[in-house]
Amino acid sequence: MQSTPKKIAVTGAAGQICYSLLFRLANGDLYGKSQPIELRLLDLPQAQDAVRGVVMELEDCAFPLLHNIVMTDDPRQAFEGVDAAFLVGSRPRSKGMERRDLLAANAEIFKVQGRAINEVAGRRAKILVVGNPANTNASILIANAPDFNPRQVSSMIRLDHNRALTQLARKAACGVGDIDKLVVWGNHSPTMFADWTYATAAGRPLSETIADDHWYKEVLIPEIARRGTAIIEARGASSAASAANAAIDQMRDWMHGTDGRWTSMAVISQGQYGIPEGLVCGVPVMCEDGDYSVVEGLDLDGFQKSKLDKTIEELVGERDALS
Ligand SMILES: NC(=O)C1=CN([C@@H]2O[C@H](COP(=O)(O)OP(=O)(O)OC[C@H]3O[C@@H](n4cnc5c(N)ncnc54)[C@H](O)[C@@H]3O)[C@@H](O)[C@H]2O)C=CC1
Ligand SMILES: O=C([O-])CC(=O)C(=O)O
(Lines give C-alpha, C1' and ligand atoms only; values in the text may rest on other atoms or scores of the structure.)
(Ligands and ions follow the chains in the order given, each with its own letter.)
Protein backbone atom coordinates (compact mmCIF):
# COMPACT_ATOMS: atom_id res chain seq x y z
CA MET A 1 0.00 0.00 0.00
CA GLN A 2 1.33 3.47 -0.88
CA SER A 3 1.76 6.04 1.90
CA THR A 4 -0.28 9.24 2.23
CA PRO A 5 0.89 11.88 -0.25
CA LYS A 6 3.25 14.54 1.14
CA LYS A 7 1.84 17.99 0.57
CA ILE A 8 4.32 20.43 -0.97
CA ALA A 9 3.42 24.10 -1.46
CA VAL A 10 5.31 26.03 -4.11
CA THR A 11 4.88 29.77 -4.60
CA GLY A 12 5.70 31.63 -7.80
CA ALA A 13 4.49 28.56 -9.66
CA ALA A 14 4.25 30.32 -13.03
CA GLY A 15 7.83 31.60 -12.83
CA GLN A 16 10.99 30.29 -14.36
CA ILE A 17 12.53 28.55 -11.32
CA CYS A 18 9.31 26.61 -10.84
CA TYR A 19 9.35 25.54 -14.46
CA SER A 20 12.23 23.32 -13.38
CA LEU A 21 11.45 22.79 -9.69
CA LEU A 22 7.92 21.42 -10.10
CA PHE A 23 8.96 18.71 -12.55
CA ARG A 24 11.86 17.64 -10.30
CA LEU A 25 9.53 17.42 -7.29
CA ALA A 26 6.94 15.45 -9.27
CA ASN A 27 9.68 13.09 -10.38
CA GLY A 28 10.43 12.17 -6.74
CA ASP A 29 13.71 14.07 -6.42
CA LEU A 30 12.85 15.31 -2.91
CA TYR A 31 11.05 12.48 -1.14
CA GLY A 32 12.28 9.55 -3.22
CA LYS A 33 10.73 7.19 -5.71
CA SER A 34 8.16 5.54 -3.46
CA GLN A 35 6.57 8.59 -1.83
CA PRO A 36 3.49 10.08 -3.56
CA ILE A 37 3.08 13.85 -3.43
CA GLU A 38 0.48 16.56 -3.79
CA LEU A 39 1.55 19.91 -5.24
CA ARG A 40 -0.08 23.16 -4.04
CA LEU A 41 0.71 25.84 -6.56
CA LEU A 42 0.38 29.45 -5.42
CA ASP A 43 0.70 32.44 -7.71
CA LEU A 44 -0.96 35.81 -8.24
CA PRO A 45 -4.47 35.99 -9.76
CA GLN A 46 -3.07 37.39 -13.03
CA ALA A 47 -0.66 34.42 -13.31
CA GLN A 48 -3.31 31.70 -13.02
CA ASP A 49 -3.55 31.14 -16.80
CA ALA A 50 0.19 30.53 -16.95
CA VAL A 51 -0.03 28.19 -13.94
CA ARG A 52 -2.77 26.27 -15.76
CA GLY A 53 -0.35 25.73 -18.66
CA VAL A 54 2.30 24.37 -16.28
CA VAL A 55 -0.29 22.07 -14.71
CA MET A 56 -1.22 20.75 -18.17
CA GLU A 57 2.44 19.93 -18.79
CA LEU A 58 2.79 18.25 -15.39
CA GLU A 59 -0.24 16.12 -16.26
CA ASP A 60 1.27 15.28 -19.63
CA CYS A 61 4.38 13.85 -17.93
CA ALA A 62 2.23 11.14 -16.28
CA PHE A 63 4.41 11.17 -13.15
CA PRO A 64 3.39 8.10 -11.14
CA LEU A 65 4.07 9.84 -7.79
CA LEU A 66 2.06 12.99 -8.52
CA HIS A 67 -1.32 12.26 -6.96
CA ASN A 68 -2.89 15.70 -6.93
CA ILE A 69 -2.29 19.30 -7.99
CA VAL A 70 -4.03 22.30 -6.43
CA MET A 71 -3.86 25.71 -8.14
CA THR A 72 -4.64 28.74 -6.01
CA ASP A 73 -4.03 32.44 -5.42
CA ASP A 74 -4.89 32.06 -1.71
CA PRO A 75 -1.89 31.48 0.61
CA ARG A 76 -4.09 29.83 3.25
CA GLN A 77 -5.30 27.23 0.76
CA ALA A 78 -1.74 26.69 -0.47
CA PHE A 79 -0.22 26.17 3.01
CA GLU A 80 -3.06 24.27 4.72
CA GLY A 81 -1.52 21.21 6.40
CA VAL A 82 1.61 21.20 4.20
CA ASP A 83 4.71 19.12 4.92
CA ALA A 84 7.05 21.38 2.98
CA ALA A 85 6.93 24.72 1.22
CA PHE A 86 9.24 26.35 -1.34
CA LEU A 87 8.68 30.11 -1.26
CA VAL A 88 9.96 31.09 -4.67
CA GLY A 89 7.51 33.82 -5.71
CA SER A 90 8.62 37.35 -5.05
CA ARG A 91 8.54 40.68 -6.76
CA PRO A 92 11.44 41.41 -9.12
CA ARG A 93 12.99 44.85 -9.21
CA SER A 94 11.33 47.06 -11.82
CA LYS A 95 12.47 50.27 -13.50
CA GLY A 96 13.04 53.13 -11.09
CA MET A 97 12.63 50.89 -8.04
CA GLU A 98 15.21 51.37 -5.29
CA ARG A 99 16.47 48.41 -3.25
CA ARG A 100 14.52 49.80 -0.31
CA ASP A 101 11.26 49.72 -2.36
CA LEU A 102 12.01 46.14 -3.41
CA LEU A 103 12.59 45.16 0.21
CA ALA A 104 9.30 46.76 1.22
CA ALA A 105 7.30 45.15 -1.63
CA ASN A 106 8.64 41.72 -0.78
CA ALA A 107 8.29 42.24 2.95
CA GLU A 108 4.57 42.63 2.39
CA ILE A 109 4.40 39.29 0.50
CA PHE A 110 6.30 37.46 3.24
CA LYS A 111 4.22 39.06 6.00
CA VAL A 112 1.05 37.70 4.42
CA GLN A 113 2.58 34.28 3.79
CA GLY A 114 4.08 34.16 7.29
CA ARG A 115 0.66 34.79 8.82
CA ALA A 116 -0.91 32.09 6.65
CA ILE A 117 1.83 29.57 7.56
CA ASN A 118 1.38 30.46 11.21
CA GLU A 119 -2.32 29.65 11.01
CA VAL A 120 -2.55 26.63 8.72
CA ALA A 121 0.78 24.92 7.93
CA GLY A 122 1.66 21.57 9.50
CA ARG A 123 3.71 22.26 12.67
CA ARG A 124 6.57 20.14 11.36
CA ALA A 125 6.51 21.68 7.88
CA LYS A 126 9.84 22.82 6.50
CA ILE A 127 9.76 26.22 4.82
CA LEU A 128 12.51 27.19 2.37
CA VAL A 129 12.62 30.81 1.19
CA VAL A 130 14.14 31.23 -2.28
CA GLY A 131 12.62 34.54 -3.46
CA ASN A 132 15.00 37.47 -3.06
CA PRO A 133 16.06 39.15 -0.84
CA ALA A 134 15.82 35.61 0.53
CA ASN A 135 17.44 36.05 3.97
CA THR A 136 15.44 39.13 4.90
CA ASN A 137 12.23 37.67 3.45
CA ALA A 138 12.75 34.67 5.74
CA SER A 139 13.28 36.95 8.77
CA ILE A 140 10.04 38.78 7.96
CA LEU A 141 8.20 35.49 7.61
CA ILE A 142 9.48 34.29 10.98
CA ALA A 143 8.47 37.57 12.65
CA ASN A 144 4.94 37.10 11.30
CA ALA A 145 4.61 33.47 12.34
CA PRO A 146 4.95 33.65 16.14
CA ASP A 147 3.42 30.19 16.73
CA PHE A 148 5.58 28.49 14.12
CA ASN A 149 9.00 27.14 15.14
CA PRO A 150 11.58 29.48 13.51
CA ARG A 151 13.95 26.51 13.15
CA GLN A 152 11.50 25.17 10.57
CA VAL A 153 12.34 28.12 8.30
CA SER A 154 15.53 28.58 6.29
CA SER A 155 16.55 30.59 3.26
CA MET A 156 18.54 29.36 0.32
CA ILE A 157 22.31 29.75 0.29
CA ARG A 158 22.86 26.32 -1.28
CA LEU A 159 23.17 27.67 -4.82
CA ASP A 160 26.21 29.67 -3.71
CA HIS A 161 27.57 26.61 -1.90
CA ASN A 162 27.14 24.44 -5.01
CA ARG A 163 28.72 27.12 -7.20
CA ALA A 164 31.78 27.22 -4.92
CA LEU A 165 32.00 23.41 -4.78
CA THR A 166 32.35 23.20 -8.55
CA GLN A 167 34.99 25.94 -8.80
CA LEU A 168 37.02 24.39 -5.97
CA ALA A 169 36.79 20.88 -7.42
CA ARG A 170 37.99 22.15 -10.79
CA LYS A 171 40.93 23.98 -9.27
CA ALA A 172 41.91 21.03 -7.06
CA ALA A 173 41.21 18.47 -9.83
CA CYS A 174 38.96 16.44 -7.54
CA GLY A 175 35.30 15.45 -7.57
CA VAL A 176 32.69 17.78 -6.07
CA GLY A 177 31.63 14.87 -3.86
CA ASP A 178 35.14 14.65 -2.38
CA ILE A 179 34.83 18.11 -0.81
CA ASP A 180 33.59 18.60 2.76
CA LYS A 181 33.56 21.49 5.23
CA LEU A 182 33.06 24.29 2.73
CA VAL A 183 31.08 27.20 4.22
CA VAL A 184 29.16 30.03 2.58
CA TRP A 185 28.48 32.64 5.22
CA GLY A 186 26.00 35.48 5.26
CA ASN A 187 23.52 37.05 2.90
CA HIS A 188 22.58 35.66 -0.52
CA SER A 189 23.96 38.80 -2.14
CA PRO A 190 27.34 40.01 -3.38
CA THR A 191 28.54 40.32 0.24
CA MET A 192 28.33 36.54 0.79
CA PHE A 193 31.57 34.86 1.80
CA ALA A 194 32.62 31.51 0.31
CA ASP A 195 35.11 30.29 2.91
CA TRP A 196 37.59 27.46 2.22
CA THR A 197 39.34 27.66 5.61
CA TYR A 198 38.09 24.27 6.88
CA ALA A 199 37.41 22.64 3.49
CA THR A 200 38.99 19.30 2.72
CA ALA A 201 39.06 17.04 -0.32
CA ALA A 202 39.52 13.38 0.49
CA GLY A 203 40.60 14.44 3.99
CA ARG A 204 43.37 16.87 2.92
CA PRO A 205 42.95 20.67 3.41
CA LEU A 206 41.91 22.22 0.10
CA SER A 207 43.90 25.37 0.86
CA GLU A 208 47.06 23.18 0.89
CA THR A 209 46.11 21.25 -2.25
CA ILE A 210 45.34 24.43 -4.17
CA ALA A 211 47.99 26.56 -2.38
CA ASP A 212 46.96 29.78 -4.11
CA ASP A 213 45.74 32.39 -1.67
CA HIS A 214 45.54 35.02 -4.40
CA TRP A 215 43.13 32.82 -6.43
CA TYR A 216 41.02 32.21 -3.30
CA LYS A 217 40.72 35.86 -2.31
CA GLU A 218 40.76 37.61 -5.69
CA VAL A 219 39.06 35.06 -7.95
CA LEU A 220 36.98 32.48 -6.09
CA ILE A 221 35.28 34.69 -3.49
CA PRO A 222 34.30 37.50 -5.92
CA GLU A 223 33.30 35.05 -8.66
CA ILE A 224 30.88 33.20 -6.41
CA ALA A 225 29.50 36.51 -5.15
CA ARG A 226 28.92 37.73 -8.72
CA ARG A 227 27.85 34.45 -10.29
CA GLY A 228 24.14 35.33 -10.29
CA THR A 229 24.87 38.56 -12.17
CA ALA A 230 27.16 36.76 -14.64
CA ILE A 231 24.36 34.32 -15.42
CA ILE A 232 21.85 37.13 -15.95
CA GLU A 233 24.32 38.80 -18.33
CA ALA A 234 24.94 35.59 -20.28
CA ARG A 235 21.42 34.17 -20.34
CA GLY A 236 19.36 37.34 -20.27
CA ALA A 237 17.48 35.82 -17.33
CA SER A 238 18.44 34.77 -13.83
CA SER A 239 19.49 31.28 -12.77
CA ALA A 240 16.52 28.95 -12.87
CA ALA A 241 17.41 25.25 -13.25
CA SER A 242 20.44 25.58 -10.96
CA ALA A 243 18.34 27.49 -8.41
CA ALA A 244 15.67 24.77 -8.51
CA ASN A 245 18.36 22.12 -8.11
CA ALA A 246 19.87 23.92 -5.11
CA ALA A 247 16.44 24.31 -3.51
CA ILE A 248 15.92 20.55 -3.73
CA ASP A 249 19.46 19.88 -2.45
CA GLN A 250 18.95 22.15 0.58
CA MET A 251 15.51 20.76 1.45
CA ARG A 252 16.56 17.13 0.88
CA ASP A 253 19.64 17.43 3.12
CA TRP A 254 17.56 19.16 5.79
CA MET A 255 14.95 16.38 5.69
CA HIS A 256 17.13 13.35 5.13
CA GLY A 257 20.46 14.36 6.72
CA THR A 258 24.03 15.03 5.63
CA ASP A 259 25.69 11.86 7.01
CA GLY A 260 28.04 13.83 9.24
CA ARG A 261 29.13 16.17 6.45
CA TRP A 262 28.81 19.95 6.49
CA THR A 263 26.67 22.04 4.22
CA SER A 264 25.63 25.70 4.25
CA MET A 265 22.12 26.85 5.19
CA ALA A 266 20.79 30.31 6.05
CA VAL A 267 19.02 29.88 9.39
CA ILE A 268 17.84 32.07 12.24
CA SER A 269 20.76 33.19 14.37
CA GLN A 270 20.95 32.45 18.05
CA GLY A 271 23.98 34.72 18.35
CA GLN A 272 26.66 32.30 17.13
CA TYR A 273 29.76 33.92 15.59
CA GLY A 274 28.51 37.37 16.64
CA ILE A 275 25.59 37.20 14.20
CA PRO A 276 22.77 39.22 15.83
CA GLU A 277 19.88 37.09 17.04
CA GLY A 278 16.94 36.99 14.66
CA LEU A 279 18.92 37.54 11.46
CA VAL A 280 18.70 34.72 8.93
CA CYS A 281 22.31 34.15 7.93
CA GLY A 282 24.31 31.54 5.99
CA VAL A 283 26.31 29.32 8.37
CA PRO A 284 27.84 25.83 8.39
CA VAL A 285 25.38 23.15 9.48
CA MET A 286 25.02 19.40 9.73
CA CYS A 287 21.58 17.80 9.36
CA GLU A 288 20.23 14.71 11.07
CA ASP A 289 16.74 13.36 11.89
CA GLY A 290 15.00 16.19 10.05
CA ASP A 291 16.82 18.94 11.95
CA TYR A 292 19.96 21.03 11.48
CA SER A 293 22.66 21.93 13.96
CA VAL A 294 24.97 24.87 13.41
CA VAL A 295 28.65 23.88 13.46
CA GLU A 296 29.86 25.90 16.43
CA GLY A 297 33.20 26.82 17.98
CA LEU A 298 35.17 27.51 14.79
CA ASP A 299 38.05 29.97 15.24
CA LEU A 300 37.75 32.83 12.76
CA ASP A 301 40.86 34.78 11.75
CA GLY A 302 40.95 38.49 10.90
CA PHE A 303 40.16 37.94 7.21
CA GLN A 304 37.17 35.72 7.96
CA LYS A 305 35.89 38.13 10.60
CA SER A 306 36.09 41.11 8.25
CA LYS A 307 34.18 39.22 5.51
CA LEU A 308 31.55 38.01 7.98
CA ASP A 309 31.17 41.50 9.49
CA LYS A 310 30.51 42.98 6.05
CA THR A 311 27.72 40.58 5.16
CA ILE A 312 26.18 40.87 8.66
CA GLU A 313 26.25 44.65 8.31
CA GLU A 314 24.27 44.33 5.08
CA LEU A 315 21.69 42.04 6.71
CA VAL A 316 21.31 44.49 9.60
CA GLY A 317 20.88 47.30 7.05
CA GLU A 318 18.10 45.36 5.28
CA ARG A 319 16.39 44.73 8.60
CA ASP A 320 16.68 48.38 9.64
CA ALA A 321 15.43 49.64 6.24
CA LEU A 322 12.14 47.91 6.97
CA SER A 323 11.65 49.12 10.52
N1 LIG B 1 18.07 32.42 -3.14
C2 LIG B 1 18.64 32.14 -4.31
O3 LIG B 1 19.73 31.54 -4.38
C4 LIG B 1 17.98 32.54 -5.61
C5 LIG B 1 16.85 33.31 -5.60
N6 LIG B 1 16.27 33.68 -6.78
C7 LIG B 1 15.05 34.49 -6.67
O8 LIG B 1 13.91 33.65 -6.84
C9 LIG B 1 12.80 34.45 -7.20
C10 LIG B 1 12.02 33.81 -8.33
O11 LIG B 1 12.82 33.74 -9.50
P12 LIG B 1 12.13 33.38 -10.91
O13 LIG B 1 11.33 32.15 -10.81
O14 LIG B 1 13.24 33.45 -11.89
O15 LIG B 1 11.20 34.65 -11.08
P16 LIG B 1 9.96 34.85 -12.07
O17 LIG B 1 9.77 36.34 -12.15
O18 LIG B 1 10.13 34.05 -13.31
O19 LIG B 1 8.73 34.23 -11.25
C20 LIG B 1 8.26 34.78 -10.06
C21 LIG B 1 6.83 34.30 -9.89
O22 LIG B 1 6.40 34.72 -8.60
C23 LIG B 1 5.07 35.12 -8.72
N24 LIG B 1 4.69 35.94 -7.57
C25 LIG B 1 4.93 37.25 -7.34
N26 LIG B 1 4.36 37.64 -6.19
C27 LIG B 1 3.77 36.54 -5.66
C28 LIG B 1 3.02 36.30 -4.49
N29 LIG B 1 2.72 37.28 -3.62
N30 LIG B 1 2.57 35.05 -4.26
C31 LIG B 1 2.82 34.05 -5.13
N32 LIG B 1 3.52 34.22 -6.28
C33 LIG B 1 3.98 35.45 -6.53
C34 LIG B 1 5.01 35.85 -10.06
O35 LIG B 1 3.68 35.98 -10.54
C36 LIG B 1 5.86 34.90 -10.91
O37 LIG B 1 5.06 33.87 -11.48
C38 LIG B 1 13.37 35.84 -7.53
O39 LIG B 1 13.20 36.67 -6.40
C40 LIG B 1 14.85 35.54 -7.73
O41 LIG B 1 15.64 36.69 -7.51
C42 LIG B 1 16.76 33.29 -7.98
C43 LIG B 1 17.88 32.50 -8.04
C44 LIG B 1 18.60 32.10 -6.86
O1 LIG C 1 21.08 37.29 -8.86
C2 LIG C 1 19.88 37.04 -9.04
O3 LIG C 1 18.97 37.88 -9.20
C4 LIG C 1 19.45 35.59 -9.03
C5 LIG C 1 20.13 34.92 -7.92
O6 LIG C 1 19.81 35.15 -6.77
C7 LIG C 1 21.26 34.05 -8.21
O8 LIG C 1 21.44 33.61 -9.36
O9 LIG C 1 22.03 33.79 -7.29
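Sequence order sets the numbering: in each chain, residues are counted from 1 along the sequence as written. For this description, chains carry letters from A and ligands carry numbers from 1, given in the order in which they are written. It should be noted that, the model being predicted, local features are given only for residues of pLDDT at least 70 and side-chain atom pairs only at 80 or more, the latter also being counted only at that level, while totals for whole chains, interfaces and linings use all residues. Heavy atoms throughout the structure, all of them, feed into the side-chain values; hydrogens and water do not.

J.: Looking at this structure, how should I read the site of ligand 1?
T.: Neighbouring residues are identified by heavy atoms, a residue being near a molecule or strand if any of them is within 4 Å of it. In the neighbourhood of ligand 1, 24 residues make up the surrounding shell, with Gln 16, Asp 43, Ser 90, Val 130 and Asn 132 lying closest. Residues adjacent in sequence count toward polar contacts only when both atoms are side-chain atoms; beyond that, a polar contact is any pair of N or O atoms within 3.5 Å, and within protein one must be able to donate a hydrogen and the other to accept it. A distance of 2.6 Å is found between an oxygen atom of ligand 1 and a side-chain nitrogen or oxygen belonging to Ser 90. His 188 is positioned such that a nitrogen or oxygen atom in its side chain is 3.1 Å from an oxygen atom of ligand 1. The protein chains hide 82% of the 870 Å² of surface that ligand 1 would expose on its own. The site holding ligand 1 turns out to be the largest pocket. Among the residues forming the shell around ligand 1, the class breakdown is 12 nonpolar, 11 polar and 1 charged. Computed with the Shrake-Rupley method and a 1.4 Å probe, the accessible areas treat only the protein chains shown as cover for residues. Both site types are read off a 1 Å grid over the protein atoms alone. A 1.4 Å probe that fits but cannot get out defines a cavity, while an open set with protein on both sides within 12 Å along at least five of seven lines defines a pocket; lining residues have an atom within 4 Å of a point. The way we define it, a molecule is inside a pocket or cavity when more than half of its atoms are within 2 Å of that pocket's grid points. Amino acids outside the nonpolar list (Ala, Val, Leu, Ile, Met, Phe, Trp, Tyr, Cys, Pro) and the charged list (Asp, Glu, Lys, Arg) are all regarded as polar, and Gly is one of them.

J.: Can you help me understand the site of ligand 2 in this one?
T.: Residues in contact with ligand 2, as listed here, are Asn 132, Leu 159, Arg 163, His 188, Gly 228, Ile 232, Ser 238 and Ser 239. Residue Arg 163 places a side-chain N or O atom 2.9 Å away from an oxygen atom belonging to ligand 2. Within the side chain of Ser 239, a nitrogen or oxygen atom sits 2.6 Å from an oxygen atom of ligand 2. Burial of ligand 2 by the protein chains amounts to 73% of its free accessible area of 270 Å². Counting atoms within 2 Å of the grid points, the majority share of ligand 2 lands in the largest pocket. Helix and strand definitions here come from DSSP, where helices need a minimum of 4 consecutive H or I residues and strands a minimum of 2 consecutive E residues; each element is numbered from the N-terminal end. Sorting the residues of the shell around ligand 2 by element identifies helix H6 (158-172) and helix H8 (213-235) as the ones contributing at least two each. Here the residues of the shell around ligand 2 sort into 2 nonpolar, 5 polar and 1 charged.

J.: Would you mind showing me how to read the pairing of strand S13 (residues 280-288) here?
T.: Side-chain direction in a regular strand flips from residue to residue, so the side chains alternate between the two faces of the sheet. Only protein chains enter the calculation, and the probe is 1.4 Å; a residue is then buried if its accessible area is under 20% of its type maximum, exposed if over 50%, and partly exposed in between. Burial of S13 is extensive: 7 of the 9 residues sit out of reach of the surface. When strand S12 (residues 263-268) meets S13, the two strands line up antiparallel, connected through 6 bridges. Looking at S13, one finds that Ile 268 is bridged to Val 280. One ladder, built from 4 bridges, connects S13 with strand S14 (residues 291-294); its direction is antiparallel. Bridging across to S14, Glu 288 finds its partner in Asp 291. The pairing criterion is simple: DSSP has to find at least two bridges between the two strands. Between the antiparallel neighbours S13 and S14 lie 2 residues, among them Asp 289 with a positive phi of about 50°.

J.: Explain the sheet that holds strand S10 (residues 200-201) here, please?
T.: Hydrogen bonds between backbone atoms are what pair the strands of a sheet, whose relative direction is either parallel or antiparallel. Judged by pairing direction, the sheet is antiparallel, and its 3 strands sit side by side in the order S7-S10-S11 without closing on themselves. One side of each edge strand has no neighbouring strand; the edge strands of this open sheet are strand S7 (179-180) and strand S11 (204-205). Pairing of S10 with S11 involves 2 bridges; the strand directions are antiparallel. Residue pairing in the sheet places Thr 200 in a bridge with Pro 205 of S11.

J.: Is there a simple way to explain the domain arrangement of the chain in this structure?
T.: Accessible area lost during the coming together of the parts is what is often quoted as the interface size. Partitioning the chain into structural domains gives domain 1 (4-153) and domain 2 (155-319). Domain borders in the structure are assigned automatically or taken from a domain database. Spacing between the C-alpha centres of domain 1 and domain 2 amounts to 23 Å. Here's the idea: put two parts together, see how much 1.4 Å probe accessible area each one loses, and the total over both is what we call buried area. For the pair domain 1 and domain 2, the summed buried surface comes to about 2,800 Å²; carbon and sulfur atoms form 59% of the total. Its salt-bridge partner being Asp 291, residue Arg 151 comes within 2.8 Å of it at the nearest N-O pair. At the boundary of domain 1 and domain 2, one finds 12 residue pairs in polar contact (both at pLDDT 80 or more). Those elements that provide at least two residues to the side of domain 1 that touches domain 2 are helix H1 (18-26), strand S4 (84-87), helix H4 (99-120), strand S5 (126-129) and helix H5 (134-143). Ranked by residues supplied to the side of domain 1 that touches domain 2, first place goes to H5 with 6 residues. Residues belonging to the side of domain 1 that touches domain 2 are distributed by class as follows: 19 nonpolar, 7 polar and 5 charged. Here a salt bridge means any side-chain nitrogen of Lys or Arg lying within 4 Å of a carboxyl oxygen belonging to Asp or Glu.

J.: Hey, could you run me through the pattern of salt bridges in this one?
T.: One side chain can pair with another of opposite charge once the charged atoms of both are near each other. Summed over all chains, the structure comprises 13 salt bridges. The partner of Glu 108 in a salt bridge is Lys 111, with the nearest N and O atoms 3.8 Å apart. Of the two residues, Glu 108 and Lys 111 are both situated in helix H4; the distance of 3 residues between them amounts to about one turn of the helix. Assessed through its relative accessible area of 41%, Glu 108 is described here as partly exposed. Its relative accessible area of 29% is what places Lys 111 among the partly exposed residues. Between Asp 320 and Arg 319 there is a salt bridge whose closest N-O contact spans 3.3 Å.

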